[in-house]
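Structural characterization, general
Here is how the chains run, residue by residue.
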Amino acid sequence: MSAKRRLQSIGALIRDLREERGFSQSEFAKKLKTSQSAIARLEAGEQNLSTETLSKMSAALNRDIIQISDRSLTIKIEGGRRLFGTVTTHASKNGAVGLLCASLLNRGTTILKNMPRIEEVYRLIEVLQSIGVSVRWVPSSPAEAKRLCGASVEIKVPEKLNLDAINVASAGKTRSVIMLLGPLLHHARRFTLPHPGGCRLGNRDVRPHLLALAQLGAKIKTRSKDYLATHKGLSFARNKWLSPSSKGQSFVEIILYESGDTVTENVLMAAARIPGKIVIKYASANYQVQDVCFFLQQLGVKIEGIGTTTLTVEGAPELDKKVSYTVSEDPIEAMFFIAAAILTRSSIRINRAPINFLELELLKLKEMGFRYKIVKVYKGENGQTNLVDLVSYPSRLTALPDKIEARPYPGLNIDNLPFFAAIATQARGTTLIHDWVYEGRTVHYKELDKLGAETLLADPHRIYITGPTKLRAAEVVCPPALRPAAIVLIAMLAAEGTSILRNIYSINRGYEGIIDRLNALGARIKILRSL
């Protein structure tokens, strides 16, 4: 490739990333402290690029433009600093990806507001676009921009999808792709779907998805690189595993093999366009499932039991409406900032925290000695989510006498459990963390030892953490799983000295602009890039 064509290719990539992030040329120029005309020349391939310029652009776009690998982003943290100020909770990753998948059910135009600009969302959008779905970022109104952190996405689904053209590379970087099974069953009688990627946490069994969808008439075969899905028309009339209690009645019960979030969403989306009443038992009642339920209700699907483990769905064969829905706030992100405040002994204000999904976490923290105050209570933009603003105060913690473990909602959220591992390093006494869901995730908690934590791994699911310990700076390679990676970052904020955290792609999968937002609270984090 000639130098001119190379510059044009890089310029086109920069333009696409800028537009994907919703920046105008003038806004992008302001971030880079240059002129709009300079940006126009760069995007046209008419100006040479230095590695310094590329590095600045990568930082502004939160995406490496030229890189050795997609995991080469490294940060330097000057720890031991107290945080101060206010941070606003952004929309949830898990809610956003579920809604993107659910949008495939709508023949009309879907607008999803408050969408987080994170890698997981970008990868799923790339998958949707590859099969022919029109997905574009649209600017929020000035009033919405003041209220919401995320941008809006407009989605238009064509009459026929090109499922053979699916972007396998992007699909392999997101776990969310598994939730395309349910909605795609309404678009094709036969298709393949690549195996999901995302966090590497041992053997994450998809069998519950396959068993549940089989009850609606889908046959899904697991192959070496993909799933082959076939059916002769979705209907619970073909169900071979009907609950005895449904015989002779006007509805069918589907018993979920596992009360999982994504399996519940998959069955909901498959049921949404099947006429008749379907009762889903042992469903997840978690926040992302509720988001999908509220969205489907706007499309005209009747759903009862939202927030419980039994959902009754009355689907419609055609869903064709222009709908707008606002993604709810992320309780896991709110917990990230709560944990950061605890470890750095800081007083910060955390706005728009979805309290219904943090109550048990806050109760346990209160019993440990965490001091905080709820200063405002209100409804979220979707009219459903209960939000609070809370203020944290420096606290001295004591370990709980009983083990800390996660449970399906309304239990302690499985994604919030890792934060208690980091918090336990600063609690007097010994804490037992029981991470029974994921194979080997507890092993990643041992990375805290490199920062001075005192831990004892009992088995792949249980770890004892003794505190309080004075954390010290270190160089660590980021764990390949989102939440364990996040707690290493939090521990580095508390560790005095300069720490290096390498390969933070896993963190960017789930936290929008996290480096800039922490720096706005007084942290000192610098991005180091390998170009």
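Computed from a predicted model, the values in this text were never measured in an experiment.

1. Observations concerning the environment of tyrosine 393
Tracing the backbone shows tyrosine 393 in strand β16 (residues 386-393). The class for tyrosine 393 is partly exposed, based on a relative accessible area of 29%. For tyrosine 393 and arginine 345, which are 48 residues apart along the polypeptide, the C-alpha to C-alpha distance reads 7.2 Å. In contact with tyrosine 393, not counting residues within four places along its chain, are Ser346, Ser347, Phe370, Arg371, Tyr372 and Lys373.

2. Considerations on the sheet that holds strand β23 (residues 497-502)
If you trace the four strands from one edge of the open sheet to the other, you get β22-β23-β1-β24, paired in mixed fashion. Here the strands that pair on one side only, and so sit at the sheet edges, are β22 (475-477) and β24 (524-528). Strand-to-strand twist of the sheet, defined as the mean angle between neighbouring strand axes without regard to direction, takes the value 20 degrees. Bridge count between β22 and β23: three bridges; the pairing is parallel. The partner of glutamate 475 across the bridge, within β23, is isoleucine 500.

3. Let's talk about the nonpolar core
Soluble globular proteins: nonpolar side chains tend toward being buried together. Among the nonpolar cores identified, the biggest contains 80 residues, and Leu180, Leu268 and Leu296 are the most heavily contacted of them. Per element, the largest residue contribution to this core is seven residues, and it comes from helix α12 (residues 287-299). When residues no more than four places from it in sequence are discounted, the contact partners of leucine 268 are Ile280, Val289, Val292, Cys293, Leu296, Ile303, Leu311 and Val313. The next biggest cluster of nonpolar side chains, apart from the first, holds 79 residues, and it includes Val388, Ile423, Ala427 and Leu501.

4. Focus: the confidence of the model for the protein chain
Residues at a pLDDT of 70 or more form 92% of the protein chain, whose mean pLDDT is 90. Contacts of residues 67-71 to residues separated by more than four positions or lying in other chains number ten contacts, the stretch itself having pLDDT below 50. For the stretch residues 199-203, pLDDT sits under 50, and the model shows 15 contacts to residues farther than four places along the chain or on other chains.

5. Section: the packing of helix α13 (residues 331-343) against helix α14 (residues 359-368)
Remark: α13 packs on α14, axes separated minimally by 12 Å, with the N-to-C direction vectors making an angle of 10 degrees. Taken together, α13 and α14 sit at an angle that is classed as roughly parallel. Between α13 and α14 lies a crossing of right-handed hand. Where α13 approaches α14, its residues Met335, Ile338 and Ile342 are matched on the opposing element by Glu361, Leu362 and Leu365. Residues that form the contact of α13 with α14 fall into these classes: five nonpolar, no polar and one charged.

6. Structural notes on a positive patch on the surface
Together, Arg82, Arg345, Arg396 and Arg428 make up a region of like positive charge exposed at the surface. The topology assignment puts arginine 345 in the loop between α13 and β14 (347-354).

7. Considering the layout of surface pockets
A volume near 930 Å³ is recorded for the second largest pocket. Forming the boundary of the second largest pocket are 35 residues, of which Phe23, Lys31, Ala60, Gly513 and Asp516 lie nearest the centre. The residue inventory of the lining of the second largest pocket, partitioned by class, reads 19 nonpolar, eight polar and eight charged.

8. Here's the deal with the side chain of arginine 483
Structurally, the position occupied by arginine 483 is in helix α17 (residues 482-494). Residue class for arginine 483 comes out buried when judged on its relative accessible area of 4%. Dropping the residues within four chain positions of it, arginine 483 is found in contact with Lys93, Asn94, Ile332, Asp415, Pro418, Arg441 and Tyr511.

Calculation rules
- For every chain, the first residue of the written sequence is number 1, and numbering continues from 1 along that sequence.
- This being a predicted model, a pLDDT of at least 70 is required before a residue's local features are given, and a value of 80 or more before pairs of side-chain atoms are given or counted; all residues contribute to the totals for chains, interfaces and linings.
- Water and hydrogen atoms play no part in the side-chain values, which are based on all heavy atoms of the structure.
- Secondary structure elements are taken from DSSP: a helix is a run of H or I of four residues or more, a strand is a run of E of two residues or more, and numbering for both begins at the N terminus.
- Throughout, exposure labels follow a simple rule: accessible area from a 1.4 Å probe, protein chains only, divided by the maximum for the residue type, with under 20% read as buried, over 50% as exposed, and the rest as partly exposed.
- Here, residues are in contact when the closest pair of their heavy atoms is within 4.5 Å.
- For two strands to be treated as a pair, DSSP must find at least two bridges joining them.
- In this analysis an axis means a line fitted to C-alpha atoms, helices contributing only their contacting stretch, and an angle means the value between N-to-C directions, from 0 to 180 degrees.
- Within this scheme, the nonpolar core is defined by two criteria: the residues are buried Ala, Val, Leu, Ile, Met, Phe, Trp, Tyr or Cys, and they are joined through side-chain atoms within 4.5 Å.
- As a per-residue measure, pLDDT tells how confident the predictor is, with possible values from 0 to 100.
- By definition in this entry, angles of less than 35 degrees are roughly parallel, angles greater than 145 are roughly antiparallel, angles of 65 to 115 are roughly perpendicular, and the rest are oblique.
- Each crossing is labelled by how the near helix is turned from the far one, with a counterclockwise turn of less than a right angle marking it left-handed and a clockwise turn marking it right-handed.
- Charged means Asp, Glu, Lys or Arg here, nonpolar means Ala, Val, Leu, Ile, Met, Phe, Trp, Tyr, Cys or Pro, and polar covers whatever is left, Gly included.
- Patch definition: residues with relative accessible area over 30% and no salt bridge; like charges joined within 9 Å; nonpolar side chains (Val, Leu, Ile, Met, Phe, Trp, Tyr) joined within 5 Å.
- Here the Shrake-Rupley method, with its probe set to 1.4 Å, supplies the accessible areas, and only the displayed protein chains count as covering residues.
- Here, a salt bridge means any side-chain nitrogen of Lys or Arg that lies within 4 Å of a carboxyl oxygen of Asp or Glu.
- His residues and chain termini do not enter the charge count, which takes Lys and Arg as positive and Asp and Glu as negative.
- Here the site of a charge means atom NZ of a Lys, CZ of an Arg, CG of an Asp or CD of a Glu.
- Of the grid points, spaced at 1 Å and generated over the protein atoms alone, those admitting a 1.4 Å probe that cannot get out make up cavities, while open sets with protein on both sides within 12 Å along at least five of seven lines make up pockets; any residue with an atom within 4 Å of a point is treated as lining.
- Grid points are joined across faces, edges and corners, and a volume is the space filled by probe spheres set on the points.

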